[in-house]
Amino acid sequence: MDAQEHWENVYQNKDSRSVSWYADHVESSLARIRSLGLQPDARILDLGGGASTLVDDLLKLGYSGISVLDISPTALSIAKTRLGERASEASWIAANALEHDFGSAAYDLWHDRAVFHFLTATSDRQLYRDKASRAVKPGGFLFLNVFADDGPEKCSGLVISRHTERDLEEFFGEAFDPVMHDRFVHKTPAGSDQRFVSVLLRRKHGPG
Ligand SMILES: C[S@@+](CC[C@H](N)C(=O)[O-])C[C@H]1O[C@@H](n2cnc3c(N)ncnc32)[C@H](O)[C@@H]1O
């Protein structure tokens, strides 16, 4: 089964509010995004946003430049249906992040919650890094939230790669400066704890 089939299968057959990564409000991301002082029309990408409620809360906060990209069209449909008329206030991109052309200096903030950790091949992580380095504006932010080294070994039944703040900061270090890092625990709808590491990086000025 390829990645798109896997994720379509998940979102077509499970209640999007019962999957392990569901949160009524993605507080861990919202608090940090609010602290960045972005302009209301900042270009914000929720990479692999799926059916996440983050877009709902960002719209409520008044952000008008939000894009949600996901490999599963069904996931995006779930979010759009939930939002109703407000769905037209965001951009929706059904695409594989590893194949999509994000353009150059297109985003003030690239947000990833529980997506980068699915890239278990070094070549895929490098491709992701190349795309993020090109797509985030100089001075813009890359905000990664992935399973920590003491977190789960699988997500959605798939083996993932766990990370530390240091390995993420080093891996992205050529094009991004570290701003802060953090750890948090996500409580799944089934009641388990998932340990995450969060790093906020800032795109350097210059080629990187
Ligand atoms: C664990 S879920 C997290 C969803 C969302 N970020 C959240 O926090 O609720 C991972 C998401 O990444 C998407 N995804 C996985 N691989 C992807 C890829 N190569 N390109 C785009 N989206 C991808 C999946 O469809 C799924 O919605």
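Residues numbered from 1 in each chain as written. Predicted model: local features only at pLDDT ≥ 70, side-chain atom pairs only at ≥ 80, totals over all residues. Heavy atoms only, no water.

S.K.: I'd like a description of the packing of aromatic side chains, backed by residues and values.
M.R.: Under the defined criterion, the tally for this structure stands at 14 aromatic pairs. On the numbers, 6.3 Å between centres and 70 degrees between planes, the contact of Tyr128 with Phe172 is edge-to-face. You can see Tyr128 sitting in helix α5 (residues 122-135) and its partner Phe172 sitting in the loop between α6 (165-171) and β8 (176-187), a full 44 residues away along the chain. Exposure remark for Tyr128: the relative accessible area of 3% places this residue in the buried category. With a centroid separation of 5.2 Å and 90 degrees between ring planes, the pair formed by Phe171 and Phe172 is classed as edge-to-face. Clustering of aromatic rings is evident, with ring pairs tying together Phe102, Trp110, Phe116, Tyr128, Phe171, Phe172 and Phe176. Over the aromatic face of Phe171 sits the side chain of Arg129, whose NZ or CZ is 4.1 Å from the ring centroid. Taking NZ or CZ as reference, Arg203 lies 5.9 Å from the ring centre of Phe176, over its face. (Phe/Tyr/Trp six-rings, centres within 6.5 Å; stacked < 30°, edge-to-face > 60°. Helix = DSSP H or I, 4+ residues; strand = E, 2+ residues; numbered from the N terminus. Buried < 20%, exposed > 50% of the residue type's maximum accessible area, 1.4 Å probe, protein only. Lys NZ or Arg CZ within 6 Å of the ring centre and 35° of its normal.)

S.K.: I'd like a description of the site of the ligand, backed by residues and values.
M.R.: Inspection of the region around the ligand gives 18 residues, with Tyr11, Gly48, Asp70, Ala97 and Arg113 positioned closest. At 2.8 Å, a backbone N or O of Ala97 approaches a nitrogen atom of the ligand. Arg113 is positioned such that a nitrogen or oxygen atom in its side chain is 2.6 Å from an oxygen atom of the ligand. Look at the ligand: alone it shows 590 Å² of surface, and the protein chains cover 95% of it. Spatially, the ligand is embedded in the largest pocket. At the level of secondary structure, the elements contributing two or more residues to the shell around the ligand comprise α1 (3-13) and β2 (65-70). Along the lines of polarity and charge, the residues of the shell around the ligand split into eleven nonpolar, five polar and two charged. (Near = heavy atom within 4 Å. Polar contact = N/O pair within 3.5 Å; in protein donor to acceptor, adjacent residues only side chain to side chain. Areas by Shrake-Rupley, 256 points an atom, 1.4 Å probe, with all protein chains shown as cover. 1 Å grid on protein atoms, 1.4 Å probe; cavity = no way out; pocket = protein on both sides within 12 Å on 5 of 7 lines; lining within 4 Å. Sits in = over half its atoms within 2 Å of the grid points. Nonpolar A, V, L, I, M, F, W, Y, C, P; charged D, E, K, R; others polar.)

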